[in-house]
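For reference, the chains in residue letters:
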Amino acid sequence: MKFAISATAFALLALPAWGQHEAALAVDIENGLHVYRAYCFTCHGPEGASVPGVDFRRGEFRHGATRQELTATIRNGIPGTAMPANNLDTDDMRRVTAYLTSLHDFQSSKVTLGDAQRGSELFHGKGQCLNCHRVETQGSRVGPDLSEIGATRSADFLERTLLDPTKAMLPQDRFVRGVSKDGKTIVGRRLNENTDTVQIIDEHENLVSLVKSELREFASLRTSTMPSYKEKFSDSELADVLAYLVSLKGLN
Amino acid sequence: MKGLRLVAALPMLSAGLSAQVTFDRLLHADREPQNWLTYSGTYASNRHSSLAQINAGNAKDLELKWIFQVHNTPFETTPLVINGIMYITQPPNDVVALDAKSGAVFWAYEYHAKPGRLCCAAVNRGLAILGDTLYMATVDAHLVAIDSKTGRPIWNVQVADPEQGYSMTMAPLVIKDKVLVGTAGGEMGIRGRIAAYEASTGKEAWTFYTIPAPGEPGHETWTGDAWQHGGASVWLTGSYDPELNLTYWGVGNPWPDFDDSVRPGDNLYSTSVVALDPDTGKLKWHYQFSPGDHSDYDSVQIPVLVNANWRGAPRQMMLWANRNGFFYALDRTTGQFLSGKAFVKQNWANGLDDSGRPIKSSKKAEDDITYPGIQGGTNWYSPSYSPRTGLFYVGAWDNYYSTFTKGAETPLPWRRGLINSWTDDAGHGSIMALDPATGDKKWEFKMYDVTDSGILTTNGDVLFSGGREGNFYALDERNGSMLWKSSLGGDVASGPITYQVDGKQYVAVAAGHGLFVFGLR
């Protein structure tokens, strides 16, 4: 979660101006990717470097790199260039600026990356990752989809996840377990939750909405079902798998 | 002939006046509960209505009557309702007049704002009215007077320079013949102010700066020239006590928000309530909730004025659930601190001393997690006080924190939008009923997600509020039990109101992109 934290520190410490509402956080960065794809992708490209003189991953912006400055640029456009004024609502503006300012952190990771091709073979073979995860159209939907994990997670976060899945697990990846009043147990990955209900994808890939008042027991599980790959992969294998994961950029 | 003419003119004049919202009507807004005349319902700002047609017994029979949809969000308006006509703002600064029974539109006024540097969202929270004229504060820091019959602008004055970071999002407050507003922009290095304008002409009557200039009392709480851009914005409507002739306003955070090293001192009147003479703008007293704040604990909440017995004697009080996590009772004649108690989990203070000043805990905020987090234990969403129960109701965020540090392993808890799978760690929203005398929690209605919804209480014992999940609730204000709910499909980030037309009571609330109006089947 380094990228999220550094973006957070950026907003809270270096850019107090953002403060009245909220700081840049992991979920904003994740959602910001989708905003980016809707509004920015066509010109700025998958790596954010398709416009000459602009490279989001290197933190190279023509009209300022702070979230305030980015907000102004996005809102007003840049006269005389192809950059139009965009009427994003506040939430989307917050998300996309969170995403843009987080991008360059991806490059600052100290994690060793190996060979992505070998990593792909390990991922699909020895690692048995598709038993729970999905990449594009392959694998299980029970665990988190990894099709764009390289665009939303830093390499060192992915490394920590592979070594200690429970410790690295984010709240939004938790599974929940419910027991109905007639004793039936249902377990699945939580997609969403509100006061009365919880939405999950169960172990058979069914989308299920549980009504809490109809359950005898209900808990969100803080232990990951994912095994640690600390012993399973050698250091070089781990580096290869990480290289593969980092290469997964979704729509790219 | 002069006298005769005058006599002949009088009946026409009084017929014209009867439809107008005079200052006298504003003073006694509680006597006409069929209308909603000010942002907070009455000058005491308790958001309590004496309407009781919708009550705890029949609230289950509420149904949707109409919806009005807007283009932009956040939609945070509190409507005004006057004799069956509803006036709302839609973001950023359009005004719409509607038939309060059907939602049919009479007119719409589009104001084309040119905001400068906005810290936050281009929101607007509502209007004020005096006579036939509506008043709106704009995101580019103008105050506009609009004819309530036609939607035509009457005058338009610039209150502050938007290019310097000033903006306005609040509903103005009319007192006597003046319109009062405050300036937002506390994250943009402004110097906050409250200003009054002549309602008929837009001429400035007075300005009170929320940061004292050199030579003025309180200036010594700033260092160097930090006072010139120390924030202390005012972005929510104040209250008014006609008996004391004092108007009360909450003041926002000092700037820079999270770095107090460049502005050592208490930084008056940031994070304070100020009591002003509405005729002159002169400061009568102040009380500071969070001296030298560095957690963005704006004291921008609605001052709720309550006359009640305080430990055996009648007292003119002000009740205040603050963003810093404490619930306060003050004496509003002098600003004297009466009591304060945390209503949510907090760890930044080891309580309050006898004068109400926080005893700051030894933890260093920049190294640790801080409760409550950046959005506070509560925020701008209106609380309510019910004289029937004697309880104070507030929308709260409990067990909610922020981390102000680099390199932390734990992600900051946050989520927005359609998906919420974070709240396990992020704290939860609730509607709390607090006993003003003790600060004790009488009941709590917990929500999984947090809430930005204001609260309305009524003589029908029904409390209305909502939350980010998009649910709009009717609760029994005596015990917090849920009587009814409706899923509106969007964040309830506004204060519900109630009114009556043709003998029928309605409840209105803005959520997502819609204004939703409910009534009994």
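Residues numbered from 1 in each chain as written. Chains lettered and ligands numbered in written order. Predicted model: local features only at pLDDT ≥ 70, side-chain atom pairs only at ≥ 80, totals over all residues.

Undergrad: So what exactly am I meant to see when it comes to the overall build of chain B here?
TA: Each helix and strand in chain B was counted, giving 3 helices and 37 strands. The C-alpha radius of gyration computed for chain B amounts to 22 Å, which stays within 12% of the reference 24 Å derived for 521 residues, consistent with globular compactness. Here the C-alpha coordinates of chain B stretch approximately 75 × 55 × 50 Å along the principal axes. Nonlocal contacts in chain B, meaning residues at least 24 apart in sequence, comprise 58% of its contacts between residues at least 6 apart. (Helix = DSSP H or I, 4+ residues; strand = E, 2+ residues; numbered from the N terminus. Rg over C-alpha atoms; globule rule 2.2 N^0.38 Å. Contact = placed C-beta atoms within 7 Å.)

Undergrad: Is there a simple way to explain the overall build of chain A in this structure?
TA: The helix and strand tally for chain A stands at 10 helices and 7 strands. A buried classification covers 38% of the 252 residues belonging to chain A. Partitioning the intrachain contacts of chain A with sequence separation of at least 6 by distance along the chain shows that 60% fall at a separation of at least 24. (Buried ≥ 20, exposed ≤ 12 C-beta atoms within 10 Å, placed from the backbone.)

Undergrad: Even after reading the chapter, I still don't get the sheet that holds strand E11 (residues 173-175) of chain B, so can you show me in this structure?
TA: Sheet strands line up and pair through hydrogen bonds in the backbone, either parallel or antiparallel. All names here are of chain B. Here 4 strands make up an open sheet; going across it, the order is E11-E12-E13-E14 and the pairing antiparallel. The strands lining the two open edges of the sheet, one partner per strand, are E11 and strand E14 (204-209). Mean inter-strand twist for the sheet, computed between neighbouring axes without regard to direction, equals 20°. Here strand E12 (residues 178-182) runs beside strand E13 (residues 193-198); their pairing, made up of 5 bridges, is antiparallel. The partner of Lys178 across the bridge, within E13, is Glu198. (Pairing = 2+ DSSP bridges. Axes fitted to C-alpha atoms, helices over the stretch in contact; angles between N-to-C directions.)

Undergrad: So what exactly am I meant to see when it comes to the nonpolar core here?
TA: Ranked by size, the top nonpolar core spans 147 residues in total, and within it B:Leu127 and B:Val179 carry the most contacts. When residues no more than four places from it in sequence are discounted, the contact partners of B:Val179 are B:Ala128, B:Tyr135, B:Leu143, B:Pro172, B:Val174, B:Ala196, B:Tyr197 and B:Ala199. (Core = buried A, V, L, I, M, F, W, Y, C linked by C-beta atoms within 7 Å.)

Undergrad: Is there a simple way to explain unusual backbone geometry in this structure?
TA: Note: most peptide bonds trans; most residues except glycine with negative phi. Residues and elements named next belong to chain B. Across the junction of Thr73 and Pro74, the peptide omega takes the value -5°, indicating a cis bond. Of note, the bond from Trp255 into Pro256 is cis; its omega dihedral lies within 30 degrees of zero at 0°. Among the secondary structure elements, Pro256 is positioned in the loop between strand E16 (246-250) and strand E17 (272-276). Although it is not a glycine, Ser45 adopts a positive phi angle of roughly 60°. Its identity is not glycine, yet Asn267 carries a phi of approximately 60°, on the positive side. Following the sequence through the fold, Asn267 ends up in the loop between E16 and E17.

Undergrad: It is not clear to me how the sheet that holds strand E5 (residues 94-99) of chain B should be interpreted in this structure. Could you clarify?
TA: Residues and elements named next belong to chain B. Sheet architecture is open: 4 strands sit in the order E3-E4-E5-E6, paired in antiparallel fashion. Both edges of this open sheet fall to strand E3 (80-82) and strand E6 (105-110), since each of them pairs with a single strand only. Adjacent strand axes in the sheet meet at a mean angle of 15°, parallel and antiparallel pairs treated alike.

Undergrad: What should I look at first to understand the environment of A:Thr97 in this one?
TA: All names here are of chain A. Looking at the element boundaries, Thr97 is found in helix H5 (residues 90-103). Here the alpha-carbon distance between Thr97 and Ser120, two residues 23 residues apart in the chain, equals 32 Å. Residues within four places of Thr97 in sequence aside, it is in contact with Arg67, Leu70 and Thr71.

Undergrad: Whenever I open this one, the pairing of strand E4 (residues 185-193) of chain A confuses me. Can you help?
TA: In regular strands, side chains alternate between the two faces of the sheet. Residues and elements named next belong to chain A. Sheet topology places strand E3 (residues 175-180) next to E4; 5 bridges connect them, and they run antiparallel. Looking at the pairing, Val179 lines up with Thr185 of E4. Between E3 and E4, which pair antiparallel one after the other, the connecting turn spans 4 residues, and Gly183 there sits at a positive phi close to 95°. Inspection of the sheet shows E4 paired to strand E5 (residues 197-202) by 5 bridges, in the antiparallel sense. When the bridges of E5 are listed, Glu193 appears paired with Val198. Once E4 ends, the chain turns through 3 residues before running back antiparallel as E5.

Undergrad: Got a minute to help me understand helix H6 (residues 116-124) of chain A in this structure?
TA: Along an α-helix, residues three or four apart share an orientation, since each turn contains 3.6 residues. Residues and elements named next belong to chain A. Residues Gly119, Leu122 and Phe123 constitute the buried set of H6. Viewed along the axis of H6, the buried residues span an arc of 100°, placing them on a single side of the element. Those residues of H6 hidden inside the fold are in contact with helix H10 (235-247). (Arc of directions from axis to C-beta.)

Undergrad: Before we go on, may I ask you to explain the pairing of E6(B) in this structure?
TA: All names here are of chain B. Both E5 and E6 contribute to a ladder of 5 bridges, which runs antiparallel. Note on E6: the bridge partner recorded for Val95 is Tyr109. Hairpin connection between E5 and E6: a loop of 5 residues separates the two successive antiparallel strands, and Gly103 in this loop has a positive phi of roughly 85°.

Undergrad: I tried to follow the packing of helix H8 (residues 155-163) of chain A against H10(A) on my own but got confused; where do I start?
TA: The relative placement of two packed helices is expressed as an angle between their axes plus a distance between the axes. Residues and elements named next belong to chain A. As a packed pair, H8 and H10 sit with axes 10 Å apart at the nearest point and diverge in direction by 130°. Between H8 and H10, the crossing angle belongs to the class labelled oblique. The two elements H8 and H10 meet at a crossing, and its hand is right-handed. Contacts between H8 and H10 involve Ala155, Leu158, Glu159 and Leu162 on the former and, on the latter, Leu238, Val241, Leu242, Leu245 and Val246. (Parallel < 35°, antiparallel > 145°, perpendicular 65-115°, else oblique. Left-handed = near helix turned anticlockwise from the far one by under 90°.)

Undergrad: Would you explain the confidence of the model for chain A in this entry?
TA: Detailed reading of predicted coordinates is not advised where the pLDDT is low. All names here are of chain A. The share of residues in chain A with pLDDT of 70 or more is 84%, and the mean pLDDT across the chain is 81. When pLDDT is averaged over each helix and strand of chain A, the minimum, 29, is found for helix H1 (residues 2-14) and the maximum, 97, for H6. In the model, residues 1-23 has pLDDT below 50 throughout and makes 77 contacts with residues more than four positions away in sequence or in other chains. (pLDDT = per-residue confidence, 0-100.)

Undergrad: Looking at this structure, how should I read the environment of B:Gln34?
TA: Residue and element names in this part refer to chain B. Turning to its location among the elements, Gln34 is positioned in the loop between helix H2 (23-27) and strand E1 (48-49). A count of 21 C-beta atoms within 10 Å places Gln34 in the buried class. With 287 residues separating them along the chain, Gln34 and Ala321 place their C-alpha atoms 28 Å apart. With residues up to four places along the chain from it excluded, the contact list for Gln34 reads Tyr499 and Gln500.

Undergrad: Please explain the environment of B:Thr370 as it appears in this structure.
TA: Within the element layout of this structure, B:Thr370 appears in strand E25 (residues 369-370). As a C-alpha pair, B:Thr370 and B:Ser339 span 31 residues in sequence and 23 Å in three-dimensional space.

Undergrad: Teacher, can you tell me more about the packing of H6(A) against H10(A) here?
TA: Residue and element names in this part refer to chain A. In the contact formed by H6 and H10, the axes pass within 7 Å of each other and the chain directions differ by 95°. Considering their axes alone, H6 and H10 lie roughly perpendicular with respect to each other. Two secondary-structure elements touch here, H6 through Ala116, Arg118, Gly119, Ser120, Leu122 and Phe123 and H10 through Glu237, Asp240, Val241, Leu242, Ala243, Tyr244 and Ser247. Of the residues in the contact of H6 with H10, the class split is 7 nonpolar, 3 polar and 3 charged. (Nonpolar A, V, L, I, M, F, W, Y, C, P; charged D, E, K, R; others polar.)

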